[in-house]
Amino acid sequence: MINGKAIKNQRKKLHISQKELAKNITTQGTISALERNSTTPSSEILAKILERLSLSLDDVLVANVKTSNQNILNTADRQFMSYHFEDALATLKKIKKIADLDQQMHFTFLKTTATMWVKENYDDAIFGYNKILQKSTDNSNIHSILAICELGVTYDVKGEPDKSAFYFEQLPTLLKKIDTDKNIFWYLMLLDNLSKYYSNIKKYRECLAVLNKAIAFAQKHNTPLFIDSFYFLYALLFENNTGLGTKGHSPIF
């Protein structure tokens with residue numbers, strides 16, 4: 001889409017009338033319609049108009065809002081994954097009005113979680129995660145699954161184990177619905193939180209099973225994400241005499 005306002009502003013800046021701009025290129029009516037965003041001329045005519053105004057195509061192209069928002073969300077994802085939560089929040093401020101439901105959930109998850117860890121406001125976080133679940137129409141959506149996990153985390157931090165358990169106990173089933181190859185970081189983050197939950201409630205065999213799955217998955221994808229956390233918890237299980245023994249349970253190297 002062409003930004004007619006940009007063309008109009010440049011024309012006025014150069015003190016050129018619509019008639020003068022149109023001369024030997026097109027009609028004045030076309031220029032008028034273009035500036036009102038009522039028409040898009042052929043590429044040949046547009047190129048001549050831009051040349052006369054000393055503009056490039058990039059100067060007048062209107063970015064697709066959905067694509068622009070996705071690029072911003074991708075940047076915020078990378079900052080979030082590096083635990084740069086304040087940077088992620090600053091990036092999210094660039095988001096324009098979101099019409100796409102999946103992007104709304106994506107935005108709400110990032111903003112809610114980053115804000116929770118920066119401000120330690122857990123009640124607001126619970127509200128944010130429940131907003132995601134109310135919007136969700138697909139229980140395999142990665143952001144609805146992440147919201148369920150983070151509700152478990154949040155209630156655990158608040159010292160409400162029964163509520164925390166309600167959400168964590170949903171995760172094993174939900175994990176099977178994830179497209180893991182497209183969500184490597186998030187999948188490993190979910191496994192990391194689930195393994196810690198099992199360890200905290202002394203379900204050591206379940207914890208070990210999750211750790212084995214996580215380490216195997218990380219090795220398959222040749223990623224170091226969360227690997228230190230997995231091995232650290234692995235070591236704690238055996239160091240603290242959890243009754244697992246060692247036979248058949250050595251970590252995957």
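Note that the structure is a prediction, hence the values are computed from the model and not measured.

Basis of the calculations
- Residues numbered from 1 in each chain as written.
- Predicted model: local features only at pLDDT ≥ 70, side-chain atom pairs only at ≥ 80, totals over all residues.
- Heavy atoms only, no water.
- Phe/Tyr/Trp six-rings, centres within 6.5 Å; stacked < 30°, edge-to-face > 60°.
- Helix = DSSP H or I, 4+ residues; strand = E, 2+ residues; numbered from the N terminus.
- Buried < 20%, exposed > 50% of the residue type's maximum accessible area, 1.4 Å probe, protein only.
- Salt bridge = Lys/Arg side-chain N within 4 Å of Asp/Glu carboxyl O.

1. Some details on the packing of aromatic side chains
Enumeration according to the criterion identifies 16 aromatic pairs in this entry. Relative to Trp-186, the ring of Phe-80 has its centre 5.5 Å away and its plane inclined at 50°; by these criteria the two rings are tilted. Of the two residues, Phe-80 sits in helix α6 (residues 65–81) while Trp-186 sits in helix α13 (residues 184–200), which places them 106 residues apart along the sequence. Judged on exposure class, the residue Phe-80 and its partner Trp-186 are both buried. Pairing Tyr-187 with Phe-217 gives two aromatic rings, centres 4.7 Å apart and planes at 70°, and the pair type is edge-to-face. Linking Tyr-187 in helix α13 with Phe-217 in helix α14 (residues 204–220), this pair joins segments that are 30 residues apart in sequence. Look at Tyr-187 and you get buried, because its relative accessible area is 8%. For Phe-217, a relative accessible area of 8% gives the class buried.

2. A short note on the pattern of salt bridges
Side chains that differ in charge, positive against negative, can pair when their charged atoms come close. In the structure shown here, the tally under the stated rule is eight salt bridges. For the salt bridge of Asp-100 with Lys-66, the shortest nitrogen-to-oxygen distance reads 3.4 Å. Of this pair, Asp-100 sits in the loop between α7 (85–92) and α8 (101–119) while Lys-66 sits in helix α6; the two residues are 34 residues apart in sequence, bridging distant segments of the chain. Here Asp-100 falls in the partly exposed class, since its relative accessible area comes to 24%.

Any functional reading would require information that these geometric values do not contain.
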